[in-house]
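Structural overview
Chain by chain, the residues:
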Amino acid sequence: MDGHSPKLASIPASDSTVWADASPLLQAACTGLRDGELIHGDNFNLFAAMSALEIMDPKMDSGIVCTYYSIDEAIENGAAPIPISLDSTIDVQRTIDIMDHLLACEAAWHKGHSLAQTVFSCIYLLRLDRTAPHALLHSYCRVIRATCKAVVSVVSDARAHEEEDLFTMTYGLPLNGDGDDKCLSMLNAVEETISRQLRACKAASSKRRLPEVPILMQIWSHYSPTPIWKKDFAKLCCAVYAFHFFHVLACMKRPQGRGLESARKHIASCMTELESILKSADFIRSCFGESYEGDIDDKTTASGREPIGFDAMLNSRLSAPTPPRAIKILSWKKAVQYFVKLLHDLDVICSYPLDPHLESLLRFVVQFQISQPDLVARSHLQLLLVQDGKLYGRDPFFAVITKAAALPEATKNHDIQKNESILQLGMLVMNLLKILCTNAAWQRRKHGKFLQDWRVIYVQLELAFRNEFGEVSSSSNDENICMKIFQHILLWVEEKTYWIAFRFLILGFELELYSTSEYCMVYWYLYAVLTKLAEKTHLKIAVSYDIAKRKGKKKKDSPKDLARESRIPPAVLFLQCYICLAEGLTMILAALRNEISVFQSPGPFNTEQEKFVQHFELLQRACIPDHVSYPSYKESTTHACFSTLAMYNYFKDAQRIAKEVKSSFSNDPDRLAELRKLEQVAEHNSVAQNLICRLGALDPSLKVSFELSHHPFFATVVVKRS
Amino acid sequence: MEAMPEEKAEFEEAEIKYVSYGGEHHLPLIMNLVDQELSEPYSIFTYRYFVYLWPQLSFLAFHKGKCVGTVVCKMGEHRNTFRGYIAMLVVIKPYRGRGIATELVTRSIRMMMESGCEEVTLEAEVTNKGALALYGRLGFIRAKRLFHYYLNGVDAFRLKLLFPPPPRQELSPSLDT
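Let us look at the structure shown here.

Conventions and cut-offs
- Residues numbered from 1 in each chain as written.
- Chains lettered and ligands numbered in written order.
- Predicted model: local features only at pLDDT ≥ 70, side-chain atom pairs only at ≥ 80, totals over all residues.
- Heavy atoms only, no water.
- Helix = DSSP H or I, 4+ residues; strand = E, 2+ residues; numbered from the N terminus.
- Buried < 20%, exposed > 50% of the residue type's maximum accessible area, 1.4 Å probe, protein only.
- Contact = heavy atoms within 4.5 Å.
- Areas by Shrake-Rupley, 256 points an atom, 1.4 Å probe, with all protein chains shown as cover.
- Core = buried A, V, L, I, M, F, W, Y, C linked by side-chain atoms within 4.5 Å.
- Salt bridge = Lys/Arg side-chain N within 4 Å of Asp/Glu carboxyl O.
- Arc of directions from axis to C-beta.
- Pairing = 2+ DSSP bridges.
- Axes fitted to C-alpha atoms, helices over the stretch in contact; angles between N-to-C directions.
- Parallel < 35°, antiparallel > 145°, perpendicular 65-115°, else oblique.
- Left-handed = near helix turned anticlockwise from the far one by under 90°.
- Nonpolar A, V, L, I, M, F, W, Y, C, P; charged D, E, K, R; others polar.
- Polar contact = N/O pair within 3.5 Å; in protein donor to acceptor, adjacent residues only side chain to side chain.
- Buried area = accessible area lost by both parts, 1.4 Å probe.

Summing up its helical and strand segments, chain A has 25 helices and five strands in all. Within chain A, buried positions represent 51% of all 722 residues. In chain A, the share of contacts with a sequence separation of at least 24, taken over all contacts with a separation of at least 6, comes to 75%. Surface summary for chain A: the accessible area is close to 34300 Å², and the carbon and sulfur share equals 54%.

Further remarks concern the overall build of chain B. Helices and strands together make up the secondary structure of chain B, namely four helices and seven strands. In chain B, the succession of helices and strands from N to C terminus is β-α-α-β-β-β-α-β-α-β-β. Each of the 177 residues in chain B was classed as buried or not, and the buried ones make up 50%. Sequence-distant contacts in chain B: of pairs separated by 6 or more residues, those separated by 24 or more amount to 65%. Within the structure as shown, chain B displays about 8800 Å² of accessible surface, and the carbon and sulfur contribution to it stands at 52%.

Counting 261 residues, the largest nonpolar core has A:I489, A:F706, A:F714 and B:I86 as the members making the most contacts within it. The dominant element in this core, judged by the number of residues it contributes, is helix α17 (residues 481-510) of chain A, at 18 residues. When neighbours within four sequence positions are excluded, B:I86 is seen to be in contact with B:V71, B:V72, B:C73, B:V105, B:I109, B:M112, B:V120, B:T121, B:L122, B:Y135 and B:F140.

Below, the discussion takes up the pattern of salt bridges. Residues and elements named next belong to chain A. Taken as a whole, this structure holds 33 salt bridges over all chains when the rule is applied. Between D415 and K418 there is a salt bridge, with the nearest N and O atoms lying 3.2 Å from each other. We classify D415 as exposed; its relative accessible area is 53%. R621 is the salt-bridge partner of E617, the closest N and O atoms lying 2.6 Å from each other. A residue pair is termed a helical-turn pair when its members lie 3 or 4 positions apart in one helix, as E617 and R621 do in helix α21 (residues 608-621) at four residues. Where salt bridges share partners, they join E359, E495, K496 and K540 into one cluster.

In this section: helix α1 (residues 27-37) of chain B. B:L27, B:I30, B:M31, B:L33 and B:V34 are the residues of α1(B) that are buried. End-on, the buried residues of α1(B) take up no more than an arc of 165 degrees, which puts them together on one face.

Moving on, we get to the sheet that holds strand β5 (residues 119-125) of chain B. Residue and element names in this part refer to chain B. Within the open sheet, the seven strands sit side by side as β1-β2-β3-β4-β5-β7-β6. Their pairing is mixed. At either end of the open sheet lies a strand with only one pairing partner, and these are β1 (16-20) and β6 (141-146). If you compare each strand with its neighbour and ignore which way they point, the axes differ by 25 degrees on average. Direction of pairing for β6 relative to strand β7 (residues 156-162): antiparallel, over a ladder of five bridges. Paired with R142 across the two strands is L159, which belongs to β7.

What follows covers the packing of helix α20 (residues 570-596) of chain A against helix α24 (residues 650-662) of chain A. Residue and element names in this part refer to chain A. Where α20 meets α24, the axes come as close as 8 Å, and the angle between the chain directions of the two elements is 160 degrees. As judged from the angle between their axes, α20 and α24 are roughly antiparallel. When you trace α20 past α24, the crossing you get is left-handed. Two secondary-structure elements touch here, α20 through P570, L573, F574, Q576, C577, C580, L581, E583, G584, L585 and M587 and α24 through Y650, F651, D653, A654, I657, A658, E660 and V661. A class-by-class count of the residues in the contact of α20 with α24 yields 14 nonpolar, two polar and three charged.

All names here are of chain A. Across the sheet, three strands lie side by side as β1-β2-β3; this open sheet has antiparallel pairing. Each edge of the open sheet carries a strand with a single partner, namely β1 (386-387) and β3 (395-396). Strand direction decides the pairing type here: strand β2 (residues 390-391) and β3, joined by two bridges, are antiparallel. Within β3, the position partnered with L391 by the bridge is D395.

This part covers the pairing of β5(B). When a strand is regular, its side chains alternate between the sheet's two faces. All names here are of chain B. A large share of β5 lies buried, amounting to six of its seven residues. Looking at chain direction, strand β4 (residues 81-91) and β5 are connected through three bridges and run parallel. Within β5, the position partnered with G84 by the bridge is V120. Looking at chain direction, β5 and β7 are connected through seven bridges and run antiparallel. Each bridged residue has a counterpart across the sheet, and for E119 the counterpart in β7 is L162.

Turning our attention to the packing of helix α15 (residues 420-435) of chain A against helix α16 (residues 440-469) of chain A. The packing of two helices is summarised by the inter-axis angle and the distance between the axes. Residue and element names in this part refer to chain A. With their axes 10 Å apart at the nearest point, α15 and α16 run at an angle of 165 degrees to one another. By the angle between their directions, the pair α15 and α16 is classed as roughly antiparallel. By crossing handedness, the relation of α15 to α16 is classed as left-handed. Packed against α15, whose contacting residues are S421, I422, Q424, L425, L428, V429, N431, L432 and I435, the element α16 presents Q443, K446, H447, F450, D453, W454, I457, Q460 and L461 at the interface. Split into classes, the residues belonging to the contact of α15 with α16 amount to 10 nonpolar, six polar and two charged.

Residues and elements named next belong to chain B. Topologically, H26 is positioned in the loop between β1 and α1. A distance of 2.8 Å separates the side chain of H26 from the backbone nitrogen of G22, its partner in a polar contact. If near-sequence neighbours (up to four positions away) are discounted, H26 is found in contact with V19, S20, Y21, L60 and F62.

This next bit is on the interface of chain B and chain A. Every contact between the two is made by 36 residues of chain B and, on the other side, 39 residues of chain A. Contact between chain B and chain A buries roughly 3300 Å² in total, counting both sides, with carbon and sulfur atoms accounting for 65%. Where chain B meets chain A, there are one salt bridge. A salt bridge links B:R145 to A:E512; the nearest nitrogen and oxygen atoms lie 3.1 Å apart. For the pair chain B and chain A, the interface holds seven residue pairs in polar contact (both at pLDDT 80 or more). Where the side of chain B that touches chain A is concerned, the elements lending two or more residues are α2 (44-53), α3 (100-114), α4 (129-138), β6 and β7 of chain B. A total of seven residues in the side of chain B that touches chain A trace back to one element, the largest contributor, which is α2(B). Per-class residue counts for the side of chain B that touches chain A are 21 nonpolar, six polar and nine charged.

A few words on unusual backbone geometry. All names here are of chain A. The linkage connecting I82 with the following residue, P83, adopts the cis geometry, with an omega of 0 degrees. Position of P83 relative to the elements: it lies in the loop between α3 (71-76) and α4 (88-110). The linkage connecting I624 with the following residue, P625, adopts the cis geometry, with an omega of -10 degrees. For P625, the location among the structural elements is in the loop between α21 and α22 (630-637).

Structure follows, in structure tokens:
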């Protein structure tokens, strides 16, 4: 900089202003600023300086280069032409490409990217009114907008998305559109017109009897219409699919599950359209095929062409409070697969018979989560389960708890539900259901946190019970209903607490939180929790059988009843199978560690005890179970060796129990499937154990590994020669 | 970070010199390494924040005068725990697989331990097998899984190392519960 006043013709000095040389001032500031200071100020420290700058954030990084700096600029430069093309063939091609790409964007959004960078990267959607002259594109965009709004609403209400909060960020985006539902009836009319035309074609064509498939599919496979007709067909499928998908969401939103049956019909229609869309893809490619580079499977459109009318950077200031990295929109094929899975998951939800029995519901939710449903599906499930503070919006949680605790039907009206602890218990159950609908990582953390609350509730209830009734033995014949309620609920709370602890531990396997060197302690702790869970479950069932017996007013027990009473209930046997496997795995791991020093990892900074403390901190804090600690773990496993291992085969026990209990679950395909897996694990491990006992210490070339190949949390022991 | 390099550098492990952050002259070396190898773009103020406030926790590895690796950390109070945090760890590709990263991290952790930290933590991508193995060997456990932690949709593990309690605390265990 020189000392002369700069000559800036565009900003002349006026009467009240004058140009002055600021160089000395800047020089003084440079001297005053210390190294690393962004701003020289009392409260602006290094942390503030670091946090103030976010590289690539367009709100503060003005150097970010974009093609267009505003939507208007993009439109002025022809980025989203209306009409799309005067050539009707090109118009159709490009419309289909836009629809395909929007589907891919929608899937990318569902998968965790921001709405602004995905669906609303579509310039046509950002200025929807412009598309009015193009009837189909206009209707399609309006349905997409309405669908996005519906999905955001469901996910926000469910609040199952704490870790996925990019999803609901919509500030600045034009999500609201009056009369979007009117376009639905327009689409409906278009579908009916074309369906009528196609039916007429069908009547005129082959006289062969066609299998019962939707009319559009029939025409597709058996009639050879002109290429122009097939283009319309492809367009139509996209639009009709969008129309039905919107209706799925609308039906599922109806309270107390009233719209579930209608939703299923729309889901079926969506699946049909998706199938047609997939089929039409090959045709589109061959008919309008251009040469493309790279793998067609990676493209976001069926044709392989880049769509017009999209710019992900236009909304960069609205994307998220993080730098807008270039995200990869899902390929069109993957997008369709995503929606097929989503629709399948929604269908499972819609088919659920709203069972008032909590235990069945818990099993259903756990089973549902095995296929790893995405956020949208899980949010829908959560909203179905918990509405207006009631189960399915219809059953108060106290009634649900009394039913689950095997109390008589009339108990649900008892005044005890106003008790503070009972109210809190209802909240805990409600929260449990919500937690079970979140993703596995979040779920595990919440389970861990809430264990303490379940323990506290138990203690509070027990205290209240003692205050009311003093020390009463559990086998008392007192008919006092209040005492009975307390007893049953206490038992039920304990059982549920151990169930949550069990879920906490096994989710660790799914999330890959345990290294093999930690498996021994994990299986040992799992064994301890399962033992308690089985005990409480058995007690609970015994008490409920007692109630049933009294209800039946049987004067004399028949031999059959006595036999049934002394038999271990199948649910408990199932848990005993788990217990045997956990014990077997603990012992085999301990023996391997003690004999040949594998699966231990002494680090330079800490010991196994610190790892134990960290993994089980939340369980220990809640005393679940009591009297379980690192010293007791060491005591149980220190003396394990190959010779003690050879003396008892827990895996054989597990195999036997699994076989025995199968017949009790003949109507439960999920449990049968799991029993088969447990049998496989038990069988493999039994063989492996025998091998290790015979050869383990002698053969250094034997390599043992633990793989979750047959069961999600019980490892299979694999023995190989290296 | 522990991926097999295409071109390995030839060196003896004893030739690697490890130094603690010594001043402004080290800053551009650290910045260049991290900018080159890691995907996160940091401003110079981010680097200054770490090395100015906790110079004793950052280390550089040199081979024949060339900076080949660095670790940048901090420590502080976090929810009633005095905790160390490993912010950046880089070793350039030709020098990987030879224990340099392990040595850098070990020095930093030792310093944290001596400074009274109760635990050390960091995040790592679930797909970063090298980092997970490195930290696993040092005694870290995978405490949590963070869903879609990184913007590319990849999950992260929160890794934590708990130091054993210092001897004098064991005298009165009942007071701690």
